[in-house]
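Read off the chains here:
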Amino acid sequence: MQLPLITPDECVLVLVDHQAGLAFGVGSKDRQVLLNNAIALARTAKVFNIPIIASTSASKVYSGPMLPALHREIPEVQPIERRNMNAWEDDTVRQAILDTGRKHILLSGMLTEACVSFLALSAAASGLNVSVVADTCGGLTLESHELALQRMQSKNIQMVSWIQILLELQRDWTRKDTYDGARAIVEGFAGGYGIGLAYARDMIKPT
C-alpha cells in the first residue's frame, strides 16, 4: 500500500544559516530550544542515512561559522559558503541538493522570513517537494516567523516538526536497524515523551 508519508530514501536535509550572528536576531523562539531541535533533526538524518547539505553566509564578516554544537553532530558536512540570501540561486548549493537525487527537501534554518522561505519557495517552484521543519527555524519576531510560514503553506509547502519527521521515518518501533538511534534521540530531546520512554525501559519489567 502506498502511503502519503515520507521515507528516508526520498529525503535530503538542508541546513541553511544556522549561525550565531543570525541566531542573535531570533525572537520567535528560545534560541537554546531552537538549537536543541536542530541537533535532534541532524541526528535523525544521520540515523536514517539521509544526506545533509549545509550552507552558510557572511561567515567571515558577520554571521560566524555554523553553530559549533550543531556542527559537532555532523563534522563530516562542510558548509557551502554563499553570498545570496536565496541558497537556491547559488549554483553550488542548488547543484549539491540536486546531485543527491532526492526529491523531498527537509529544510531547517534562519531566518524564516528570508533564507528559509526564499529557498523553500524557489525549490518548490522548481518541482521539488519541500517540508519546512518549523520548530528548527527562527524568525526575527513570532509574527514575522508565522507570516513567513503562512506564505510558504500557501504554495503547498508542508510545515512539520522534528519529532514528526523522526516518528514518520521510523513508523514502526520493530524496525530494529534504526530503533536504538531513533529512541535515543527521543529520550534525549523529546521532553515528556522521551522521559516516558526512558521510564518504560528502566522501570517497567515485563514478566
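Higher on the page you've got the structure.
An account of the accompanying structure is given in this report. Residue positions are given per chain, counted from 1 along the sequence in the order it is written. With the structure being a predicted model, the display of local features is reserved for residues of pLDDT at least 70 and the display and counting of side-chain atom pairs for 80 or more, all residues being used for whole-chain, interface and lining totals. Side-chain figures throughout are based on the complete set of non-hydrogen atoms in the structure, without hydrogens or water.

### Description of the overall build of the protein
Each helix is a run of H or I in the DSSP string that is no shorter than four residues. Each strand is a run of E no shorter than two, and both are numbered from the N terminus. Secondary structure assignment for the protein yields 9 helices and 6 strands. The globule rule puts the C-alpha radius of gyration for 207 residues at 17 Å, and the 17 Å found for the protein is close to it. The buried share of the protein, reckoned over its 207 residues, is 50%. Whether two residues touch is decided by their heavy atoms; if any such pair falls within 4.5 Å, the residues are in contact. Long-range pairs, those at least 24 residues apart, make up 76% of the contacts in the protein with a sequence separation of at least 6. In short, Shrake-Rupley with a 1.4 Å probe defines the accessible areas, and a residue's cover is counted only from the protein chains shown. Accessible surface for the protein amounts to roughly 10,400 Å². Of this, 54% is attributable to carbon and sulfur atoms. The convention is simple: Lys and Arg are positive, Asp and Glu are negative, and His and the chain ends are not counted. A single reference atom marks each charge: NZ on Lys, CZ on Arg, CG on Asp, CD on Glu. Each charge class in the protein can be summarised by its mean position, and for the 19 positive and 21 negative side chains these summaries are 2 Å apart. Throughout, radius of gyration means the C-alpha value; the globule benchmark is 2.2 Å times the number of residues raised to the power 0.38. We call a residue buried when its accessible area falls under 20% of the maximum for its residue type, exposed when it is over 50%, and partly exposed in between, using a 1.4 Å probe and counting protein chains only.

### What to know about the sheet that holds strand β2 (residues 52-57)
Taken in spatial order, the 6 strands of this open sheet run β3-β2-β1-β4-β5-β6, and their pairing is parallel. Among the strands making up the open sheet, the edge pair consists of β3 (80-82) and β6 (158-160). Ignoring strand direction, the axes of neighbouring strands in this sheet form an average angle of 25°. Pairing between two strands requires that DSSP report at least two bridges joining them. Between the N-to-C directions of two axes lies an angle of 0 to 180 degrees, each axis being a line fitted to C-alpha atoms and, for a helix, fitted only over the stretch in contact.

### Here's the deal with the pairing of strand β5 (residues 129-133)
Along β5, 4 of the 5 residues are buried, which leaves the element largely enclosed by surrounding structure. Of the strand pairs in this sheet, strand β4 (residues 104-109) and β5 are connected by 4 bridges, and their pairing is parallel. When the sheet's bridge partners are listed, H104 is paired in β5 with N129. A clockwise path from the first strand over the helix to the second, with the strands pointing away from the viewer, defines a right-handed crossover. This β-α-β element, β4 to helix α5 (residues 112-125) to β5, shows right-handed connectivity. Here 3 bridges tie β5 to β6, and the two strands are oriented parallel to one another. Each residue of the ladder has a partner; that of V132, found in β6, is M159. Between β5 and its parallel partner β6, the chain crosses via helix α6 (residues 142-153), and the hand of that crossover is right-handed.

### Quick look at unusual backbone geometry
A cis geometry characterises the amide bond from M110 onward to L111, with omega recorded as -5°. Summarising the element assignment, L111 is placed in the loop between β4 and α5. Of note, D17 is a non-glycine position whose phi angle comes to about 60°, a positive value. Along the polypeptide, D17 turns up in the loop between β1 (11-16) and α1 (20-23).

### As for the nonpolar core
Core analysis: the biggest nonpolar cluster contains 39 residues, and L13, I50, L70, L106, M110, W162 and I165 have the highest contact counts within it. Residue assignment for this core shows that the elements contributing at least two residues are β1, α1, α2 (31-47), β2, α3 (68-71), α7 (162-170) and α8 (176-189). If one sorts the elements of this core by residue count, α2 sits on top with 8 residues. Among all residues touching L70, those that are not within four sequence positions of it are L15, H18, L35, A38, I39 and A42. What is meant by a nonpolar core is a set of buried Ala, Val, Leu, Ile, Met, Phe, Trp, Tyr and Cys residues, joined one to another through side-chain atoms within 4.5 Å. In this structure, V14, W88, V93 and L119 belong to the second largest nonpolar core, which totals 27 residues.

### Looking at the packing of α2 against α8
The contact between α2 and α8 brings their axes to 10 Å, and the two run at 175°. Classed by the angle they form, the pair α2 and α8 counts as roughly antiparallel. Contacts from N36, I39, A40, R43, T44 and V47 of α2 reach α8 at T178, G181, A182, I185 and F189. Tallied by class, residues from the contact of α2 with α8 come to 6 nonpolar, 4 polar and 1 charged. What sets the label is the angle itself: under 35 degrees gives roughly parallel, over 145 gives roughly antiparallel, 65 to 115 gives roughly perpendicular, and the rest give oblique. Lys, Arg, Asp and Glu make up the charged group, whereas Ala, Val, Leu, Ile, Met, Phe, Trp, Tyr, Cys and Pro make up the nonpolar group; the residues left over, Gly among them, are polar.

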